[in-house]
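Observations on the three-dimensional arrangement
These are the residues of each chain, in order.
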Amino acid sequence: PRFARTTKQTWGLREWGLREYTGVYAEISTRLEAAGQPVSITAIVDEIKAALPDVAESSIRTYLSAPGFVVDNGMIRHRREGDPWPKVAPLNTIRGAFHDGSGTIRYAIPVTAEVLRGSGVTVSGAVATALGVHPGHHRAFTGSPAEVALTWPVSVTNGAHFRSLRVLFTALGAPVVDTIVLAFTPDDGTV
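Below you will find a few notes about this structure.

To continue, consider the overall build of the chain. Helix and strand counts for the chain stand at six helices and twelve strands. Taken over the C-alpha atoms alone, the chain extends approximately 50 × 40 × 25 Å along its principal axes. Burial statistics for the chain: of 191 residues in total, 37% are counted as buried. Of the accessible surface of the chain, which amounts to about 10900 Å², a share of 53% is contributed by carbon and sulfur atoms.

Moving on to the nonpolar core. In this structure, Tyr107, Leu150, Phe162 and Phe169 are the most contacted members of the largest nonpolar core, which totals 29 residues. Listing elements by their share of this core, those giving two or more residues are strand E7 (105-110), strand E8 (121-123), helix H5 (125-130), strand E10 (148-152), strand E11 (160-162), helix H6 (166-171) and strand E12 (179-184). What phenylalanine 162 contacts, discounting residues up to four positions off in sequence, is Tyr107, Ile109, Gly120, Val121, Val123, Leu131, Val148, Ala149, Leu150 and Phe184. In this structure, Val39, Ile44, Ile60 and Phe69 belong to the second largest nonpolar core, which totals 17 residues.

Right, let's get into the pairing of strand E9 (residues 137-141). Sheet topology places E9 next to E10; five bridges connect them, and they run antiparallel. By the bridge assignment for E10, arginine 139 is matched with leucine 150. Turn length for the E9-E10 hairpin, with the two strands adjacent in sequence and antiparallel, is six residues.

Quick look at the sheet that holds E9 now. In spatial order, the strands read E8-E11-E10-E9; together these four strands make up an open sheet with antiparallel pairing. This sheet does not close on itself; its edge strands, each paired only once, are E8 and E9. The mean angle between the axes of side-by-side strands here comes to 25°, regardless of whether they run parallel or antiparallel. Where E10 and E11 come together, two bridges link them in antiparallel fashion. Looking across to E11, one finds that leucine 150 is bridged to phenylalanine 162.

With that out of the way, let us pick up the sheet that holds strand E6 (residues 97-99). Taken in spatial order, the three strands make up an open sheet running E6-E7-E12, and their pairing is antiparallel. In this open sheet, the two edge strands, each paired with only one partner strand, are E6 and E12. Direction aside, neighbouring strands of the sheet carry axes that sit 20° apart on average. Pairing analysis gives six bridges linking E7 to E12, with the strands arranged antiparallel. Looking at the pairing, isoleucine 105 lines up with phenylalanine 184 of E12.

In this section: the packing of helix H1 (residues 24-35) against helix H2 (residues 41-51). Contact pair H1 / H2: the axes reach a minimum separation of 11 Å and the direction vectors enclose 120°. What the angle tells us is that H1 and H2 run oblique. H2 is crossed by H1, and the crossing has right-handed handedness. Where H1 abuts H2, its residues Glu27, Ile28, Arg31 and Leu32 lie against Ile44, Glu47, Ile48 and Ala51. Taken together, the residues that form the contact of H1 with H2 break down as five nonpolar, no polar and three charged.

Over its twelve residues, H1 extends 17 Å from the first C-alpha to the last, a length consistent with the 16 Å expected when each residue adds 1.5 Å. In this structure, the buried residues of H1 make contact with strand E3 (39-40), H2, helix H3 (57-63), strand E4 (69-72) and strand E5 (75-78). Count one or two residues on from H1 and you reach glycine 36, which has phi positive near 70°.

Thresholds applied
Residues numbered from 1 in each chain as written. Predicted model: local features only at pLDDT ≥ 70, side-chain atom pairs only at ≥ 80, totals over all residues. Heavy atoms only, no water. Helix = DSSP H or I, 4+ residues; strand = E, 2+ residues; numbered from the N terminus. Buried < 20%, exposed > 50% of the residue type's maximum accessible area, 1.4 Å probe, protein only. Areas by Shrake-Rupley, 256 points an atom, 1.4 Å probe, with all protein chains shown as cover. Core = buried A, V, L, I, M, F, W, Y, C linked by side-chain atoms within 4.5 Å. Contact = heavy atoms within 4.5 Å. Pairing = 2+ DSSP bridges. Axes fitted to C-alpha atoms, helices over the stretch in contact; angles between N-to-C directions. Parallel < 35°, antiparallel > 145°, perpendicular 65-115°, else oblique. Left-handed = near helix turned anticlockwise from the far one by under 90°. Nonpolar A, V, L, I, M, F, W, Y, C, P; charged D, E, K, R; others polar. Expected span 1.5 Å × (residues − 1).

Structural measurements only, silent on function.
Laid out in structure tokens, this is it:
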């Protein structure tokens, strides 16, 4: 607790009063809030590069595409309530995702050492949307032997994610190299 992260790769004592680094998304968001209006992408990139030289420009540009922002004509701003969400691919284009026409959506998830360790599983926007989860939202699906939670923060660039599936996969005795197919019924929130 005596230390604070001051840039991507450096730390300092809190008593020094240095500004705390909380990630690229937060850096962009803070600058947009301070401006109170849309800001040019070039200005945002230049300002963050100057303040945080250990953050790659490619990382900054990647975070500009996070769902919490809208980019239009070289300007960036926070997404507003009335703004439409970015389009997602159709569910049938996602490997391992199936809609059987009866209201059930099946999604195949490979069992890996990371999943069994407790890491979350990234999910495409198409799967999340089909399950009723849009950016900035989360949903829990009840099932046996465990609940499955799906979250899509507006600050991420790679889509939604299932929180840890470790309890579920361990209860099923799933070894690494297996594939588990989860059958979701979005209408009643079950899996």
